[in-house]
Amino acid sequence: MTRRYDHFFSGREVKPASGRYIDRRSPATGEVVASFAEGTHSDASDAIAAARKAFDEGPWPRMTGAERGNIMFRFAELIERDLERLARIEMEEVGKPIRFARADIRGAIGMTRFAAGMATQIHGETFTNLGPDRVAFVKREPIGVVGMIIPWNFPADVLAKKLPYAMASGCTCVVKPSEFTSGTALEIAKLAIEAGVPPGVVNVVTGFGDPVGEVLTTSPDVNLVSFTGSTRVGKRIISNSAETIKPVALELGGKSANIVFADADLDAAIDGVLFGIFLNTGQCCVSGSRLLVQDTIADDFMARLVQAAKKLKVGDPSDESTDIGTMIHADHMNKVLGYIRGARDEGADLRLGGEPLDGGGLYLAPTIFDHVDPKMSIFREEVFGPVLSASRFSTMDEAIALANDSAYGLANSVWSSDFNTVMTVSSKVKSGLVWANTTLEVAPQLPFGGVKASGYGVETGAAGVEEFTVSKTVLMNSGKRANIYSL
Ligand code: NAD
């Protein structure tokens, strides 16, 4: 049955001024599973006005941390109550296997709980070293109205990296989910109201990047834009923000490497490399889309990797045993097939896959290229599909140079049983995240973010709450001396 959604702001459903809706077809079955309000300029402005009013006049920023935290714990409980329902929406709209959709919602619950706890932990600093009659304190105040722009690959997870952290600090929010996968953001906004979050704190306006995202990034009433998506749109957001000197936090693309040394636990490394590239059909910002493997073990490792990849089950996302679901939409699938053709033309050695699969949906075979040269586009560009690019190295320096030979700097993983190798590689690779003998692991208390073309700003952890605050320095005179002229 098709779920039909209006916008959700000021605590209620709001019909689009356009009267139009965007149909979302399941990438697995082709059936329309949801339709979302096609937002206009005025819809976006109305949602911003709701958030502005809630921030300037409403109770949320004025509550104690404990009051906000208590409501947010209830919010987390309601998301947990509806876990299965939300996971099914995510599965239908994204085409991701149900067990991973559940894991995403569980992650969102964990982040909401962590942020709820953080609401009582936001405090400033006191300076008592300014002389006997002076004291200063530095407050952390909520930055104001936050515009949040969300991609389609992890709709609830990316939302949860932003929304509860901003709420904990006392901000109010306008969320623009992806036009392909808006369902969970709308459902979660309704749960916020049920939990007792005042209307106007969590607002969702759906539709296309232009106009809805454009309004969010140019409006003088939005105090910060937190964006997750492509580097291309990220650049546009930076230029849009210039007019209003709006701070922006950008979580962009990646081209992460799994670096496998000969002394690694190779079974664990094979498992990690496969998980790293095929989770969410390779449509993850942190996908380990490059494998760098030490030449002494490379032939054997690649043979075992290909064998293990053949056992992964691609297909119906609702099947509990499915490992890999669909691509997000046909245009994207064609773009990825273009990269595969390009890699073959450039001379990369296709070891597995490379073709769409039968089954009626947007299924693409797990694909592995070996002997990829760093000049090839498949080594350099974010393919965003189930396509692994493998290259070989002989020394640690070479491995580090190859890992850093990328415009991106989001995440890298190192596989080795040698402590010094792990320490050296983790300090020399240029990325915001490094995993050692594991991959793609995150936690609500750990900061998450990239460098270089992967963006700037930090999400999650205590720093992820601080991101939504501004500092205010208050210096107080408790003595007679008023200012330097009276000295
Ligand atoms: P995208 O950049 O096309 O779209 C992201 C969001 O931006 C969508 O909501 C879209 O509607 C909106 N948008 C489009 N044009 C806009 C404009 N002019 N102004 C404002 N908003 C606009 O990205 P996508 O295809 O949805 O997602 C895939 C990309 O996201 C990949 O590059 C991936 O690496 C990246 N990503 C990064 C992270 C991270 O944490 N670093 C996480 C997930 C995805």
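The structure this text deals with has already been given above.
Here's a quick rundown of the structure. (Residues numbered from 1 in each chain as written. Predicted model: local features only at pLDDT ≥ 70, side-chain atom pairs only at ≥ 80, totals over all residues. Heavy atoms only, no water.)

1. A short note on the sheet that holds strand S4 (residues 21-25)
For clarity, the threshold we go by: When DSSP finds two or more bridges between a pair of strands, those strands are recorded as paired. Think of it this way: any DSSP run of H or I at least four residues long counts as a helix, any run of E at least two long counts as a strand, and we number them from the N terminus. Axes, fitted as lines to C-alpha atoms, cover a helix only where it is in contact. Angles between the N-to-C directions of the axes lie from 0 to 180 degrees. Residue contacts follow a heavy-atom distance rule, with two residues in contact if any of their heavy atoms lie within 4.5 Å.
The three strands lie next to each other as S1-S5-S4, forming an open sheet whose pairing is mixed. Strands at the two margins of the open sheet, each flanked by one partner only, are strand S1 (3-5) and S4. Here the strands of the sheet are splayed against their neighbours by 15 degrees on average, with no regard to which way each runs. Note that S4 and strand S5 (residues 32-37) share five bridges and pair antiparallel. In the sheet register, Arg25 faces S5, and the bridge partner there is Val32. The strands touched by helix H3 (residues 83-94) are S1, S4 and S5; relative to S1, the strand with the most contacts, the crossing angle is about 90 degrees. In this fold helix H6 (residues 183-195) packs onto S1 and S5, with an angle of close to 70 degrees to the strand it touches most, S1.

2. Looking at the site of the ligand
This is how it is decided: Proximity is defined per residue: if any heavy atom of the residue lies within 4 Å of a molecule or strand, that residue is considered near it. Distance and chemistry together define a polar contact, namely a pair of N or O atoms within 3.5 Å, with one atom able to donate a hydrogen and the other to accept it when in protein, and with adjacent residues in sequence counting only for side-chain atoms on both sides. Note that accessible areas follow from Shrake-Rupley with a 1.4 Å probe, and for residues the cover is restricted to the protein chains shown. Only Asp, Glu, Lys and Arg are considered charged, only Ala, Val, Leu, Ile, Met, Phe, Trp, Tyr, Cys and Pro nonpolar, and every remaining residue, Gly among them, polar. Segmentation of the chain into domains, including their bounds, is taken from an automatic or database domain assignment.
Taken together, 26 residues sit near the ligand, with Glu179, Glu214, Ser230, Leu252 and Glu382 positioned nearest. A distance of 2.9 Å is found between an oxygen atom of the ligand and a side-chain nitrogen or oxygen belonging to Lys176. A distance of 2.7 Å separates an oxygen atom of the ligand from a polar side-chain atom of Glu179. Look at the ligand: alone it shows 850 Å² of surface, and the protein chains cover 89% of it. When contributions to the shell around the ligand are tallied by element, the ones reaching two or more residues are helix H7 (209-218), strand S11 (224-228) and helix H8 (231-241). When residues of the shell around the ligand are assigned to their parent elements, the largest contribution, three residues, is made by H7. Considered class by class, the residues forming the shell around the ligand number 12 nonpolar, eight polar and six charged. Summarising the domain contributions, the shell around the ligand has at least three residues from each of domain 1 (3-252 + 454-473) and domain 2 (257-436).

3. Things to note about the packing of aromatic side chains
The test is simple: In this analysis, rings of Phe, Tyr and Trp, with Trp reduced to its six-membered ring, are considered paired at centre separations within 6.5 Å, and the interplanar angle assigns stacked below 30 degrees, edge-to-face beyond 60, and tilted for intermediate values. Using a 1.4 Å probe on the protein chains alone, a residue whose accessible area is under 20% of its type maximum counts as buried, one over 50% counts as exposed, and one in between counts as partly exposed.
Evaluation of the coordinates by the stated rule reveals five aromatic pairs. Judged by centre distance (6.1 Å) and plane angle (40 degrees), the ring pair of Phe114 and Tyr165 falls under tilted. You can see Phe114 sitting in helix H4 (residues 98-118) and its partner Tyr165 sitting in helix H5 (residues 155-169), a full 51 residues away along the chain. For Phe114, a relative accessible area of 22% translates into the label partly exposed. Measuring from centroid to centroid gives 5.5 Å for Trp152 and Phe384, while their planes differ by 70 degrees, and the two rings are edge-to-face. Of the two residues, Trp152 sits in the loop between strand S8 (145-149) and H5 while Phe384 sits in the loop between helix H12 (377-380) and strand S17 (387-393), which places them 232 residues apart along the sequence.

4. Some remarks on the environment of Pro366
As for its placement among the helices and strands, Pro366 is situated in the loop between strand S15 (349-352) and strand S16 (367-370). Looking at Pro366, the relative accessible area reads 9%, which means it is buried. Along the chain, Pro366 and Gly464 lie 98 residues apart, while their C-alpha atoms are 34 Å from each other. The residues contacting Pro366, other than those within four sequence positions of it, are Phe278, Val314, Ile324, Leu352, Gly353 and Pro386.

5. Considerations on the packing of H3 against H4
Stated precisely, the cut-off is as follows: Here the word oblique covers every angle except those under 35 degrees (roughly parallel), over 145 (roughly antiparallel) and from 65 to 115 (roughly perpendicular). Left-handed describes a crossing whose near helix is turned anticlockwise from the far helix through less than a right angle; right-handed describes the clockwise counterpart.
It is the contact of H3 with H4, at a shortest axis distance of 8 Å, that shows an interaxial angle of 125 degrees. The pairing of H3 with H4 is recorded here as oblique in orientation. Viewed along their axes, H3 and H4 form a crossing whose handedness is right-handed. Residues Leu83, Glu84, Leu86, Ala87, Arg88, Glu90 and Met91 of H3 form the contact with H4, whose participating residues are Ile98, Ala101, Arg102, Ile105, Arg106 and Ile109. A class-by-class count of the residues in the contact of H3 with H4 yields eight nonpolar, no polar and five charged.

Without other data, these values stay purely geometric and don't point to any function.
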